[in-house]
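# Notes for the structure review
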Amino acid sequence: MSNWIIHKFGGTSVGNAERYASVIDILRADAAKAPNLRRGVVVSAMKGTTDGLIDAVEGARRNDAAYREKMGALKQRHLDAIKALGIDTLAHVIEKDFGELEEVLRGVWLARSASEAIVELVSGYGEIWSAQILTAALKKRGHAAAYLDAREVLVVDSHSKWVAVRWEESKKKITAWLAKEKRPSDEIVVITGFVASTLDGVPTTLKRNGSDYSAAIFGQLLEAKEITIWTDVDGVLSADPRLVPDAVVLDEMTYKEVTELANFGAKVVHPATMEPAIRQGIPVWIRNTFNPAFAGTKIHAGARSSAVVKGFSAIEKMALVNIEGTGLVGISGIAERLFSGLRAAGISVVMISQASSEHTICLAVSEDQAAAAEEAVRKTFFAEIHQGTLERIEIRRGRSILAAVGDNMIANPGVAGRFFEALGRAGVNIDAIAQGSSERNISAVIDGTQTRRALRAVHSAFYLSPQTLGLGIIGTGLIGKEFMRQLRAEIPELKRRFGIDVRMRGLLTSKRMLLDGTDERGISPDVWADFAEGKEGTAKSEPADVARWIEHVRSSHLPHTVVIDATASSDLLQSYPAWLRSGIHIITPNKKANTQSYAAYRELREAALAANRRFLYSTNVGAGLPILQTLRELCQTGDRLLRLEGVFSGTLSYIFNNYDGKRPFSEIVREARDLGYTEPDPRDDLSGTDVGRKLVILAREAGGTLELADVPIENLVPEKLRSLPLDEYLTRIAEGDAEMSARFAAAAAKGETLRYVGQIDEKGGASVKLASYPKTQSFAHLSGADNIVAFRTARYDRQPLVIQGPGAGPEVTAGGVFADLLRLATALGANR
C-alpha cells in the first residue's frame, strides 16, 4: 500500500463555518500524529444542500416560484460560511455558480421537465462548493491544500439507479493529476464526494450514499492504508440508540458483520459504498466529528470479539406477503415464477421464508411496494387462484424485520433459542423467521408497533445492555415505602453489578397517582420518595385512575413491565388476570389474591401461564422466609406432605412470646400495637383470619383445593367484643384477660406454653387454634416476632424440616418483595 490515508466528512460534519473549523482541527491533529502520511479528504455537501438542490429542480419543473427562495437561502448559507471563515475571495465563485444554476432551472421552468442529466448536474454542486470552502479555509490557516474536482479523474458508467467505476481509466487520470506538478508531502488533497463523470465527460453522481462511496473509491485508487468516515455518531452501535438508549459502540467489526447490520437498516456506512475498501482489505474507521477524542469503530477482516452477537437492527415500514396453497406443494419452478414476477414488477424482496411442507411461502417487501407485490403475485398465479390450488394471498402491513448479527453466532448452539426466548418473554409475536446458512444473521418479522420493545428485549438478552424493567407500585404504606427505600439504595449496584435497570413508570394510591410522563429514564428516586411521603415534590400527581395508570405503566417501549401491589386491598384482585394477559408481571405481598375462591385462584394461574407472565408472592407466608419456595420444591420433586404445622403470625408470635402470665394479656396486645406489630385494629390479627389465609395458600401450593371457609379458625377476641367500634373495643379489651389467664395457667400446669398455630394434615385439611406445647419443643423457643414452620413429609418423617426467623415487619416483607423482583429479572435473562 502507499502512504495515503483517506478521511471522509459527512454533511453534518461540514454543516456551517464552525463545523469546517472543527474539521481543520481534526486534520491538524491527525497530521501531527502521523506526519509521514499523505491525506485525501472527501467531503459531502453541507447538510441539507443536496436535498435542497433536488427540491429546487422539482419546484422549477412544477412551475413553483418558491424554488427561487430556496435557492436564495442555499446561496446565503454558503456565503455566510465563507464570510465567517474569512475566505471572502471565494464568494464570487459561489455567486457565479448560482447564476449558472438559475439559467439551468429557468430552462426546466420553461420546459416543465427535467432530464436525469439535469438532476445529476444540479445535485452535484453541493460537494463542489463544500470542497472549495474547505480547501480555501485550510490555506487560510497555513496548510498546504489542493482542490480536486472528482469529475476530472473519476470515470463511471452511469445508469438510473447505479454506477460502475471504470477503474483503469480512473487510475490513469488520478495518476496524471498527481504527477501534473510537484506536490509537497504534507499537502491535503480535498476531493469532491458524490460526483463523477461518464466516459464522454458528462457530469453525473454516484447516487445516494455517494460520498461514502467516493471515499472507498479513492481509497482504492490511491491504495490507502486506511479510510476514516467521520459522521455524527461515535461509531457503529449495537442498536439504534433512538430505540435502545443503552446501545453501545462496538470497538471493531468484520466487513461481513457490518454488511449484515447495514442491510437491515443500521445507521452505519452502507456495504455497497465500502465495496472497494472491502475488496482491497483497507480498514475503515467510523468516527464522530463532534467527539474526535473517541476512538470509534474499526471495520476490518481480522476483527475479534468475545460477544456472541455484535448488534441488532430493524427495518421498519415493511409488509409481509404470505402465499398459501396446495398448488405449491411438490411443484417445481414455483419459486422461480414467484420471483420472476416480482422482478418484472420492480419489487425488491428483503427476506424470504418457506415452510418445509412447501404449503406456504412468505416474503417481506417495503410497505410502499405491498400493493404492487400483491398485484404481481396475483398476476403470476392467475391460473392457480382460479383453480383453487392457491388458496390465500395475505398482506400484513405495519411490520418490522428484526435482525441479530455476529460472526460468533456461527456454530454457537443456543443463539437462536436465546433470541426467540427473549422475544417471547417480552410478549412479542413472530410472524416469520429466516436464517442463512452462514449463521451470521437471524431475522424475524414482527408487528411494527413492537419494534422498540423487541429490540430492547433481545439487546439486553445478550448482555449488550441492562435488563430493563418498567415498574409500577400500588400502595405507599409501610411495605411500599420500605420497598422503595431499599430499591432506591440499590439501583446503582443493580445496574453496575447485575445488569438490571429498574425504571419507575408510575405510583398509585387510592386517591392519587404519579406518572413518569415523557422521561425515558422513569420517575427519579427523589420524586417518588416525596410522593411516598405524601409530598407533591417536583413532579405533579393526579387523581387516581387505575385503568389509565395501568395503560401508562404497560409501556410499549420497555420489554418488561412489573406491577407491585403493596396494598392489603381486595379491590384490585379481579383485575390481576387481565393485567397478566396484557403482558404485565405481578408481584404482591397481598395474601387475598391467593385466597379467593379456588376458581378465581385457578383463573389467575391460567392467565399467567397463557400469557407467559410471572405472578410472584413469596412474601404471602413468612414475609422474607423461604417457606413457600421450600414447600413448592418439595412437592415438585415428588415428596409428599404428611403434616405441616407452624406459627405463621408475627404479631401473635410476639404476643405469646411475651405473655408470661405476670402481665395481663390485654397489656401485651396494647404494647404490640404501640410497636406497630398489629394492624390498627388488633382484632384483625387476633381473629386468626390472616393465619387461615396463609394455610389456604400453603395447602393450595401443595396441590390442594382448600377454601378459606373450610378452615376452622379459633378467634381470640371474645364474641361480645368483636363488633364494637375500635375505640370502644380498646377501652374494654381487658374483658378477655380472665379467659386467657385461665388458659395460660392450664398450660403452665402441664409444663407447657401457649402458641397460636396453623396446621395442615395429610389429607389437606387445615385448622387454626391456640395450642400448648412442651417447653422443650422448638415452637416454645421463639422470640420476638419470629415465625416457625415444621414440614413433615415422606422424606422428612423422622425429623421434620424446620424454617424459623422473622416473619413480620415492613423491612423483611419489603426485602422479600425485592427478592421476588430480582428472581423475575433473572428469569427474564438478567446476568445475575
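Bear in mind that the values here come from a model prediction, so they are computed numbers and not experimental data. (Residues numbered from 1 in each chain as written. Predicted model: local features only at pLDDT ≥ 70, side-chain atom pairs only at ≥ 80, totals over all residues. Heavy atoms only, no water.)

### Quick notes on the side chain of histidine 560
Summarising the element assignment, histidine 560 is placed in strand 23 (residues 560–565). Judged by relative accessible area, histidine 560 falls into the buried class, the value being 2%. At a separation of 3.3 Å, a polar atom in the side chain of histidine 560 contacts the side chain of glutamine 467. In this structure, histidine 560 is in contact with Arg425, Ala426, Gln467, Thr468, Leu469, Gly470, His585 and Leu828, ignoring residues within four places of it in sequence. (Helix = DSSP H or I, 4+ residues; strand = E, 2+ residues; numbered from the N terminus. Buried < 20%, exposed > 50% of the residue type's maximum accessible area, 1.4 Å probe, protein only. Polar contact = N/O pair within 3.5 Å; in protein donor to acceptor, adjacent residues only side chain to side chain. Contact = heavy atoms within 4.5 Å.)

### Looking at the nonpolar core
Counting 68 residues, the largest nonpolar core has Phe656 and Leu698 as the members making the most contacts within it. Setting aside anything within four residues of it in sequence, one finds leucine 698 in contact with Val621, Ile627, Leu628, Leu631, Leu644, Phe648 and Ile760. (Core = buried A, V, L, I, M, F, W, Y, C linked by side-chain atoms within 4.5 Å.)

### Some details on empty space enclosed by the protein
As enumerated under the stated definition, the model contains one cavity of 30 Å³ or more in all. There is about 50 Å³ of room inside the largest cavity. Surrounding the largest cavity, Val244, Pro245, Asp246, Arg456, Ser460, Ser465, Pro466, Thr468, Arg503 and Pro559 form its lining. The residue makeup of the lining of the largest cavity, split by class, is four nonpolar, three polar and three charged. (1 Å grid on protein atoms, 1.4 Å probe; cavity = no way out; pocket = protein on both sides within 12 Å on 5 of 7 lines; lining within 4 Å. Points joined across faces, edges and corners; volume = space filled by probe spheres on them. Nonpolar A, V, L, I, M, F, W, Y, C, P; charged D, E, K, R; others polar.)

### Description of the layout of surface pockets
Any empty space left between the atoms is revealed when a probe the size of a water molecule rolls over them. What the largest pocket holds in volume is close to 1100 Å³. Around the largest pocket, the lining comprises 38 residues; the ones closest to its centre are Ile479, Ala568, Lys591, Glu679 and Asp690. Of all the secondary-structure elements, those providing two or more residues to the lining of the largest pocket are helix 16 (478–498), helix 22 (650–658), helix 24 (683–686), helix 25 (689–701) and helix 28 (810–827). Examining the composition of the lining of the largest pocket, we find that four residues originate from one element, helix 25, more than from any other. Looking at the lining of the largest pocket, its residues break down into 11 nonpolar, 18 polar and nine charged.

### Structural notes on unusual backbone geometry
One non-glycine residue, glutamate 223, lies in positive phi territory at about 50 degrees. Looking at where glutamate 223 falls in the secondary structure, it is placed in the loop between helix 8 (210–221) and strand 9 (226–231). Judged by its relative accessible area of 41%, glutamate 223 is partly exposed. Positioned with a positive phi, lysine 317 is a non-glycine residue whose angle comes to about 55 degrees. The topology assignment puts lysine 317 in strand 13 (residues 311–324). Using a relative accessible area of 65% as the deciding quantity, one classes lysine 317 as exposed.

### Comments concerning the packing of helix 14 (residues 415–425) against helix 15 (residues 451–461)
Running from amino to carboxyl end, helix 14 crosses helix 15 at an angle of 135 degrees, the nearest separation of the two axes being 9 Å. With respect to each other, helix 14 and helix 15 are oriented oblique. Helix-helix and strand crossings are classified by hand; for helix 14 and helix 15 the assignment is right-handed. Of helix 15, the residues touching helix 14 (which contributes Arg418, Phe419, Ala422 and Leu423) are Ala454, Ala457, Val458 and Ala461. Its residues assigned to classes, the contact of helix 14 with helix 15 comprises seven nonpolar, no polar and one charged. (Axes fitted to C-alpha atoms, helices over the stretch in contact; angles between N-to-C directions. Parallel < 35°, antiparallel > 145°, perpendicular 65-115°, else oblique. Left-handed = near helix turned anticlockwise from the far one by under 90°.)

### Describing the packing of aromatic side chains
For the structure shown, the criterion picks out 16 aromatic pairs. For the pair tyrosine 67 and tryptophan 109, a centre-to-centre distance of 6.1 Å together with 45 degrees between the ring planes defines the contact as tilted. Here tryptophan 109 lies in helix 4 (residues 91–111) and tyrosine 67 lies in helix 3 (residues 66–85), a separation of 42 residues in the sequence. Take tryptophan 109: its relative accessible area is 19%, and that puts it in the buried class. An angle of 40 degrees between the planes, with centres 5.5 Å apart, marks the rings of phenylalanine 656 and phenylalanine 665 as tilted. Each member of the pair, phenylalanine 656 as well as phenylalanine 665, is classed as buried. (Phe/Tyr/Trp six-rings, centres within 6.5 Å; stacked < 30°, edge-to-face > 60°.)

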